Every structure is written in structure tokens, then in C-alpha cells.
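# Residue-level structure breakdown
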Amino acid sequence: MTPSLPGYHFEAPSANMILRSLTRYVDDDEVDALWRQACHQAGFDVHRLPHSTDELLPVVDALEQLSDLAAVCAKGLRIRIMSYAVLARAGKGITATPTVGV
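Figured I'd write up the structure that's included with this text. (Residues numbered from 1 in each chain as written. Predicted model: local features only at pLDDT ≥ 70, side-chain atom pairs only at ≥ 80, totals over all residues. Heavy atoms only, no water.)

Here the focus is the overall build of the protein chain. Looking only at helices and strands, the protein chain has 4 helices and 0 strands in total. Each helix and strand of the protein chain, placed in order from N terminus to C terminus, yields the pattern α-α-α-α. Relative to its full complement of 102 residues, the protein chain shows a buried share of 39%. Element-wise, carbon and sulfur atoms account for 55% of the exposed surface of the protein chain, whose accessible area totals about 6200 Å². (Helix = DSSP H or I, 4+ residues; strand = E, 2+ residues; numbered from the N terminus. Buried < 20%, exposed > 50% of the residue type's maximum accessible area, 1.4 Å probe, protein only. Areas by Shrake-Rupley, 256 points an atom, 1.4 Å probe, with all protein chains shown as cover.)

Here it is as C-alpha cells:
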């Protein structure tokens, strides 16, 4: 299980979270192809996959360009990832809004 933010029980963004979300929007046989294409367009490959919030947002940006359903999924993922980033920063006493993905 991916770590969550203390007090929020909010799972940290991860590749698995994106894949689970995609399965709610597209057919199972499309998930892997969309994921690989989005990773490739964001500059990642099978040897170096995205892990951090900063790395996942470009993948979400690329995913948004691949199909209408992937775009709907990507919009929700962006909100979720940015919410996590803001809550994580607030938990550390940082009040400035992150500029990731803006």
C-alpha cells in the first residue's frame, strides 16, 4: 500500500493509482497501451517509470491528449494529485501553493 498523509488517509499518487483510475474509464485492453504512450510522451520508458508527484503530472498531461475518455480520467487525476501536493505541503507547514503542473 502506498503511504497516506497523516490525518487524511489520502493515498499518495502513484503509477498504480493512475492505472486503477484508467480501468474505470477505458477497456482493460486499452489501459496498458494508454499508460505506455503517456509515459513515453512524458519522457519515461520501461526502465524509468514516474514515481513522484512532479513526475506523474507530465504523464497525466500526456494522457489527457490521447483520447476523450483518457482526458476525463486525466482531469480527475490532476485534481487528486494537486490536492495531495497541497495537503502534503500544509502538513509540513508550507503555505505557498505549489507550481507543479501549472
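Having put the structure on the table, let's press on.
Right, let's talk about the environment of Ala85 for a bit. Following the sequence through the fold, Ala85 ends up in helix α4 (residues 68-91). Ala85 sits in the buried class, given a relative accessible area of 13%. In the structure, Ala85 is positioned 31 residues away from Asp54 in sequence and 9.3 Å away in space, judged by C-alpha atoms.

So, about the nonpolar core. Ile18, Leu22, Leu63 and Leu77 are the most contacted members of the largest nonpolar core, which has 23 residues in total. Sorting the residues of this core by element identifies α1 (15-23), α2 (28-41), α3 (53-64) and α4 as the ones contributing at least two each. Among all residues touching Leu77, those that are not within four sequence positions of it are Met17, Ile18, Ser21, Val60 and Leu63. (Core = buried A, V, L, I, M, F, W, Y, C linked by side-chain atoms within 4.5 Å. Contact = heavy atoms within 4.5 Å.)

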